[in-house]
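Take a look at the letters that make up each chain.
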Amino acid sequence: MAGHSKWANIQHRKGAQDKKRSSMFTKLAKEITIAAKIGDPNPDMNPRLRLAISNAKKLSMPNDNIKRAIDKATSNAVDTNYNEARYEGYGPGAIAVIVEALTDNPNRTAPEVRATFNKNGGNLGTPGSVSFNFDKKGLFLYEKKVGDEEKVFEVALEAGADNVEIDENGYAITCDPNDFAKVMEALEKAFGEAQSAELSWIPKSTVAVDEETQAKLDKFIEAMEDLDDVQNVYTNVE
């Protein structure tokens with residue numbers, strides 16, 4: 001299921017984020033800045049910015065911080081030259097890994113990402129070396145209480161979603177990245193804000209790992225997420 005591991009990660013990441021709130025604020029501010037810079041600084045007209053602000057508020061990021069991040073994007077006096085970068089490789093247990101980063105200095109970020117792979121029993125690959133086994137999708141997670149299956153399926157599919165899956169946690173709704181904004185708008189209108197909404201790399205097939213490998217992988221992901229420029233880490237673990 002597309003959202004299964006994502007549901008599991010929500011609670012895990014919440015605990016980690018609570019401990020690293022300052023670092024998370026920095027990462028969220030970067031995303032807000034780049035979203036405002038490449039699009040409209042008005043979140044009502046910019047779905048990526050609206051999503052970034054929503055994610056920031058979920059972590060109780062102060063409104064002043066959010067405003068400063070937007071202002072930074074529109075100010076000619078401040079350098080806001082962040083670049084989006086994607087790194088691919090294999091982590092512990094030959095697990096496929098995609099790392100997304102926002103950086104103002106790729107010459108700093110790439111060696112840091114490579115070193116983190118190497119120190120944790122993995123290796124950084126070339127572009128495309130693992131992404132062929134992933135699909136980039138819009139992914140929305142909703143709890144079951146938002147509505148019955150028939151209603152959720154109807155709203156999601158009419159809005160342009162590719163698929164709706166359900167398990168004991170709730171609904172996982174996926175869509176083409178180009179349809180992300182309109183699907184998000186329709187879902188929010190019908191069911192309110194999603195538990196999680198993002199553009200995500202979803203593996204076409206997954207692998208199961210034993211406890212030892214999972215522990216190594218958790219350590220690797222934590223180390224990767226500790227890097228200032230890293231925004232997201234995706235794997236093909238079941």
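The coordinates are above.
A short tour of the structure in this document, coming up. Small disclaimer: the values here were computed from a predicted structure and weren't measured.

**Brief notes about helix α7 (residues 180-191)**
Step number 1: Here α7 spans 16 Å end to end across 12 residues, near enough to the 16 Å set by a 1.5 Å rise per residue.
Step number 2: Of all the residues in α7, the buried ones are Phe180, Val183, Met184, Leu187 and Phe191. Along the axis of α7, the buried positions cluster into a sector of 100°, meaning they face one direction only. Exposed and facing more than 90 degrees away from the buried side of α7 are Glu185 and Lys189.
Step number 3: Positive backbone phi, approximately 85°, marks Gly192, located one or two places after α7.

**Remarks on the sheet that holds strand β5 (residues 163-166)**
Step number 1: Taken together, four strands build an open sheet; the order of strands is β5-β6-β4-β7 and the sheet is antiparallel. Across the chains shown, the open sheet's two edge strands, defined by having one partner strand only, are β5 and β7 (196-203). Strand-to-strand twist across the sheet, computed as the mean angle between neighbouring axes with direction ignored, equals 30°.
Step number 2: Note: β5 against strand β6 (residues 170-175), four bridges, orientation antiparallel. Its bridge partner lying in β6, Asn163 is registered against Thr174.
Step number 3: Sheet strands in contact with α7 are β4 (134-143), β6 and β7, and its direction is about 10° off that of β4.

**Some remarks on helix α8 (residues 211-225)**
Step number 1: An ideal rise of 1.5 Å per residue puts 21 Å on 15 residues; α8 measures up with 21 Å between its terminal C-alpha atoms.
Step number 2: Along α8, the positions that sit buried rather than exposed are Thr213, Leu217, Phe220, Ile221 and Met224. The buried side chains of α8 occupy one side of the element, clustering within an arc of 95° when seen end-on. Exposed positions of α8 whose direction lies more than 90 degrees from the buried face are Glu211, Glu212 and Lys219.
Step number 3: In this structure, the buried side of α8 is in contact with β2 (96-103), α5 (106-119) and β8 (230-235).

**Looking at the sheet that holds β8**
Step number 1: The antiparallel open sheet is built from four strands, whose spatial order is β3-β1-β2-β8. Unpaired on one side and paired on the other, β3 (123-124) and β8 mark the two borders of the sheet.
Step number 2: As judged from the eight bridges shared by strand β1 (residues 83-90) and β2, these two strands associate in the antiparallel manner. The partner of Asn83 across the bridge, within β2, is Thr103.
Step number 3: Along the sheet, helix α2 (residues 21-38) makes contact with β1, β2 and β8, crossing β8 at roughly 100°.
Step number 4: Relative to β1, α5 is tilted by about 20°, and along the sheet it contacts β1, β2, β3 and β8.

Procedures and definitions
Residues numbered from 1 in each chain as written. Predicted model: local features only at pLDDT ≥ 70, side-chain atom pairs only at ≥ 80, totals over all residues. Heavy atoms only, no water. Helix = DSSP H or I, 4+ residues; strand = E, 2+ residues; numbered from the N terminus. Expected span 1.5 Å × (residues − 1). Buried < 20%, exposed > 50% of the residue type's maximum accessible area, 1.4 Å probe, protein only. Arc of directions from axis to C-beta. Pairing = 2+ DSSP bridges. Axes fitted to C-alpha atoms, helices over the stretch in contact; angles between N-to-C directions. Contact = heavy atoms within 4.5 Å.

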